Each structure stands twice: as structure tokens, then as C-alpha cells.
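Chain by chain, the residues run as shown.
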Amino acid sequence: MVKSQRAAIAFGLAAVLLWSTVATAFKLSLQTLTPLQLLALASTVSWLFFLSAVVVTKQFGKVKKAVRHRGVKYALIGLLNPTAYYWVLFVAYDLLPAQQAQSINYTWALMLALLSVPLLKQTLTKIDMIACLLGYVGVVIIASGGSLEGFQQSSVVGVSLALVSTVIWAFYWIVNAKQQDSPLVAMLLGFTVAMPVTWGLCIWQSGMPTLTLEAMAGALWVGLFEMGITFVLWLNAMRRAERVSPVANLIFLSPFLSLVFIQVFLGESIALATFVGLTLIVIGTIAQQLQHKRSSQ
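Residue positions within a chain follow its written sequence, with the count starting from 1. Where totals are concerned, whole chains, interfaces and linings use all residues; where local detail is concerned, this predicted model gives features only for residues with pLDDT of at least 70, and gives and counts side-chain atom pairs only at 80 or more. Derived side-chain values reflect all non-hydrogen atoms in the structure, with water molecules and hydrogen atoms excluded from consideration.

Right, let's get into helix H10 (residues 183-205). Residues spaced three or four apart along an α-helix point in a common direction, a consequence of the helix completing one turn every 3.6 residues. Taking 1.5 Å per residue as the helical rise, H10 with its 23 residues ought to reach 33 Å, and the 32 Å between its terminal C-alpha atoms agrees with that figure. Across the chain, bend at a residue is computed as the angle between axes fitted to the seven residues ending at that point and the seven starting from it. Strands are runs of DSSP state E lasting at least 2 residues, helices are runs of H or I lasting at least 4, and numbering of each runs from the N terminus. Maximum bend of H10: about 30°, positioned at Ala-194, with proline Pro-196 one to four residues after it. Looking at the residues trailing H10, positive phi occurs at Gly-207, about 85°. Here the expected length of a helix is defined as 1.5 Å per residue gap, with one fewer gap than residues.

Our focus in this paragraph is the layout of surface pockets. As defined here, a cavity is a set of points on a 1 Å grid over the protein atoms alone where a 1.4 Å probe fits but cannot get out. A pocket is an open set with protein on both sides within 12 Å along at least five of seven lines, and residues line them when an atom is within 4 Å of a point. Grid points are joined across faces, edges and corners, and a volume is the space filled by probe spheres set on the points. Put simply, the second largest pocket is a space of about 230 Å³. Considering the residues around the second largest pocket, the lining is formed by Thr-21, Thr-24, Ala-25, Leu-28, Ser-29, Thr-32, Glu-214, Ala-217, Gly-218, Trp-221, Phe-261 and Phe-265. Elements that contribute at least two residues to the lining of the second largest pocket include exactly helix H2 (22-29), helix H11 (213-225) and helix H14 (254-266). Across the lining of the second largest pocket, the residue classes tally to six nonpolar, five polar and one charged. For this classification, Asp, Glu, Lys and Arg are treated as charged, while Ala, Val, Leu, Ile, Met, Phe, Trp, Tyr, Cys and Pro are nonpolar and the rest, including Gly, are polar.

On to the pattern of salt bridges, then. Whenever a carboxyl oxygen of Asp or Glu lies within 4 Å of a side-chain nitrogen of Lys or Arg, that contact is scored as a salt bridge. One pass over the structure, following the stated rule, counts one salt bridge. A salt bridge links Asp-181 to Arg-70, with the nearest nitrogen and oxygen atoms 2.6 Å apart. With Asp-181 in the loop between helix H9 (156-175) and H10 and Arg-70 in helix H4 (residues 60-95), this pair connects stretches of sequence that are 111 residues apart. Each of the two residues, Asp-181 as well as Arg-70, counts as buried. Burial here depends on accessible area, computed with a 1.4 Å probe over protein chains only, as a share of the maximum for the residue type. Under 20% is buried, over 50% is exposed, and the range in between is partly exposed.

Inspection of the secondary structure puts Ala-42 in helix H3 (residues 35-56). Residues Ala-42 and Gly-71, spaced 29 residues apart in sequence, show a C-alpha to C-alpha distance of 23 Å. Any two residues having at least one pair of non-hydrogen atoms within 4.5 Å are treated as being in contact. Those residues within four positions of Ala-42 in sequence are excluded, and the remaining contacts are Ala-219, Val-222, Gly-223 and Met-227.

The next subject is the packing of aromatic side chains. Both the distance between ring centres and the angle between the ring planes are used here to describe each pair of aromatic rings. Working definition: rings of Phe, Tyr and Trp (its six-membered ring) pair if their centres are within 6.5 Å, and the pair is stacked with planes under 30 degrees apart, edge-to-face with planes over 60 apart, and tilted otherwise. By the definition in use, this model includes 17 aromatic pairs. With centroids separated by 5.2 Å and ring planes inclined at 70°, the aromatic side chains of Phe-49 and Phe-50 adopt a geometry described as edge-to-face. The buried category is assigned to Phe-50, whose relative accessible area is 0%. The interplanar angle of 75° and the centroid separation of 4.5 Å between the aromatic rings of Trp-221 and Phe-225 together place this pair among those described as edge-to-face. Placement of the pair is Trp-221 and Phe-225 together in helix H11, with a separation of four residues, close to one helical turn. On the basis of relative accessibility, which here comes to 17%, the residue Phe-225 falls in the buried class. The structure contains a cluster of three or more aromatic residues connected by ring pairs, namely Phe-26, Tyr-85, Tyr-86, Phe-90, Tyr-93, Trp-108, Trp-169, Tyr-172 and Trp-173.

Pasting the structure below:
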């Protein structure tokens, strides 16, 4: 693949822009679907997308090889993501304002550092500890609205689930860290495992979704732009980049752009506490990444 920094930035910006819409899409979709119904429909859309991508890129032989050698691993991966991760995340969005759920979910990188201690036998540096302190102070500010009285208004269950989603996502990254297969193959197999599970849970707990225009639009948007096409755009951005760091840093635009979409399309008034808390989370994440970058040089 020909390297082009301009193309990499373009792909990266497209991915970030689409990712920035998904918090709004989650909340709008959950007005007509239950969390499990949204998960089942969106997972089906994503599965169809990755199946098409694997067929077009002629990687079906790699799928058979991956199943033969790493089938059990992919069963675990599919149960973690999308099944458990998005189920928990969608319930959190159902209970919380979108601005709170998306901001708290952004702490997954900090949770990854914490889980790496017991699971990967890594140690926390001073920067890691400061980053985590900043990030979780940010969570408290967001959840409380900046005052102790705010905890009475905020959904404790919703905040807890938003934090649990970061644990699941971080654990998924640790399990998936040494990926031996093509990213498209890996995603297809994960969704292949998830599809029957999510539909089974959906029918058992929520019943079959009513396929209204709004429900289908939400499932298509979430399935393609949260779980599908955006993944490929970001992968292309990383592969085409002459310098990866400027492209990777574009991801820090996403949570703030997301707040803009939330205010414009959901009508949520963005609280100062949300902005302050999210800023602390992002500062902590950036500090952590800069440290890891220096240590790897």
C-alpha cells in the first residue's frame, strides 16, 4: 500500500467524524429499541459488512484457518465484543444522558493500564497513576454534575455500567493484543459468534424488534459506523500514514465533537461538569500515551 500522509489524515478524520456521531445514534435508537434489540440488529448489519469485506478481499481461506487453529479464542472474543461490551454500554446509555455515558466510557484506556497490572504483570508508573487519578476524578465530576447533590440525580446503576463497559473493552484488547489473523477476519469471526447469542438473548428478554423506519435507520447507523465501516477507515489511516502519531492523535477530537452532536441532535444542554470531567479524562489519556511512546523509543 502506497504511503500518503494526506490520505491517512483524510481517512482518520472520516473515521473520527463518524465515531463522533455514534453516542447520538445510540440514544436516538434506544428511543424505539431496547438495548438487546439494538445490539442484535446492529450486530447483524456489522456481520454482513465484514462478511462482504472478507469475500471482496478474498480472505475466506484465512477464515477457515483461523477457526481451525483459534476457534476457542474467537468464541471468547465474540462474547466479549460485541456481545457483553455493547449490551452493557447500551444499557448505560439507556439510563444516562448521552454526554455522561460517552464521557465515562472514554476512560477505557485508563482501565487498560490498570488491568495490565494483574493480567500482563506490568507495573504502573507515576504517570499512569496520575493519569488514572485525573481520569477518575473526571468521572466523579461528570457523574455528580459538579456537586454532591448531583449524585442523587444521576443513575448510580448507569454510571456503574458505563465503567463496567470500560473493563470489558480493556479486557477484550488484552485478549486480542497478539492478533495473528487479518483484522477483517478477526472481526468477522467475533461477530459470527455474537450474532446467534445476541439474537437469543434479544428474543428471550425483549422479544423480536418491530422493524420501523427509525429502528432500521438506527441499527444501520450503529452497525456500519460504530462497528463496521469506521473500523476499516481507521485501519486504512494507520496503514497509509507516513507518521502514525499525528493520525492517531485525531482520536482525541472525537469525544468533544460528540458533545456537539449530542447538543445539536439530542437537545441535551452540555453541563460544564461534563466538559471539565471529559477534559481531565482526555488529559490523563494523552499523558499516558505520551509516556508509553517515549518508553518504546
